Amino acid sequence: MKLSGKLSSPAKPITFTEVLYNDQEHLQEDTGVFTCRVPGNYHFHFDSELQLCMMKIWMIRNKTQVLEKRQVSAKEYRNLSGTLTLQLSLGEKVWLEAEVESEQPDQSTVTIYFSGFLM
């Protein structure tokens, strides 16, 4: 999944603007939430690029934060990424939330990729 542009408000799952691959439809495109349909170990990864802003990003599992990352970018582009392997049971949910702060909101840019797969 890919997001380019404005984020949803903090404390809400990121909804993505582009689907790169979701054939099994485990990630609900309209909500940004991954729902486990096959129990097992899942590998999740996010990668983001930001400029002219400060970003915090969280990976959430069933309303509990399991990973938090932060990055600040002045003039240059910066990367922010995170990886986590989780053992999920049927029906468990995983998603990303993020918050961006900027003194120049019209000029700041954010792109986020999110993926997950059963190992």
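Everything discussed here concerns the structure shown above.
1. Here's the deal with a negative patch on the surface
Item 1. On the surface, a cluster of negative charge is made up of Asp23, Glu25, Glu29 and Asp30.
Item 2. Along the chain, the position of Asp23 falls in the loop between strand 1 (2-4) and strand 2 (27-28).

2. Looking at the sheet that holds strand 1
Item 1. Pairing in this open sheet of four strands is antiparallel, and the strands run 1-9-4-7 from one edge to the other. Since the sheet does not close on itself, it has two edges, and those belong to strand 1 and strand 7 (78-88), each with one partner. When the angles between neighbouring strand axes are averaged without regard to direction, this sheet yields 10°.
Item 2. One ladder, built from 10 bridges, connects strand 4 (residues 40-51) with strand 9 (residues 109-118); its direction is antiparallel.

3. Some thoughts on the environment of Glu103
Item 1. Mapped onto the fold, Glu103 is located in the loop between strand 8 (93-101) and strand 9.
Item 2. Residue class for Glu103 comes out exposed when judged on its relative accessible area of 83%.
Item 3. Placed 25 residues apart in sequence, Glu103 and Arg78 show a C-alpha to C-alpha distance of 17 Å.

4. What to know about the environment of Trp95
Item 1. In this structure, Trp95 sits in strand 8.
Item 2. Trp95 gets classed as buried once you look at its relative accessible area, which sits at 9%.
Item 3. Sequence-distant contacts of Trp95, that is, excluding residues within four places in its chain, are made with Pro13, Gly32, Val33, Trp58, Met59, Ile60, Asn62 and Lys63.
Item 4. A distance of 2.9 Å separates the side chain of Trp95 from the side chain of Glu97, its partner in a polar contact.

5. Side note on the sheet that holds strand 8
Item 1. Pairing in this open sheet of five strands is antiparallel, and the strands run 2-3-8-5-6 from one edge to the other. Each edge of the open sheet carries a strand with a single partner, namely strand 2 and strand 6 (64-73).
Item 2. Pairing between strand 5 (residues 53-61) and strand 6: nine bridges, direction antiparallel. Within strand 6, the position partnered with Trp58 by the bridge is Glu68.

Analysis parameters
- Note that residues are indexed from 1 along each chain, following the sequence as it is written.
- The model is predicted, so local features are restricted to residues of pLDDT at least 70 and side-chain atom pairs to those at 80 or more, both for listing and for counting; the totals for chains, interfaces and linings are taken over all residues.
- Side-chain measures here rest on the full set of heavy atoms in the structure, leaving out hydrogens and waters.
- Here a patch means residues that are over 30% exposed by relative accessible area and free of salt bridges, tied together within 9 Å if like-charged and within 5 Å if nonpolar (Val, Leu, Ile, Met, Phe, Trp, Tyr).
- Throughout, the Shrake-Rupley method with a 1.4 Å probe supplies accessible areas, and for residues the shown protein chains are the sole cover considered.
- A pairing counts as a salt bridge when a side-chain nitrogen of Lys or Arg comes within 4 Å of a carboxyl oxygen of Asp or Glu.
- Note that His is not counted, nor are the chain ends; the positive residues are Lys and Arg, and the negative ones are Asp and Glu.
- Charge positions come from single atoms, namely NZ of Lys, CZ of Arg, CG of Asp or CD of Glu.
- Strands are runs of DSSP state E lasting at least 2 residues, helices are runs of H or I lasting at least 4, and numbering of each runs from the N terminus.
- Strand pairing follows a simple DSSP-based rule, namely that at least 2 bridges must link the two strands.
- Whenever a helix is involved, its axis is fitted only over the stretch in contact; in every case the axis is a line through C-alpha atoms, and angles between N-to-C directions fall within 0 to 180 degrees.
- Accessible area is worked out with a 1.4 Å probe on protein chains only. A residue is then buried under 20% of its type maximum, exposed over 50%, and partly exposed in between.
- By definition, residues are in contact when any of their heavy atoms lie within 4.5 Å.
- Whenever two N or O atoms come within 3.5 Å, that pair is a polar contact, provided that in protein one can donate a hydrogen and the other can accept it, and provided that, for residues adjacent in sequence, both atoms are side-chain atoms.

Limitation: the analysis is restricted to geometry and does not speak to function.
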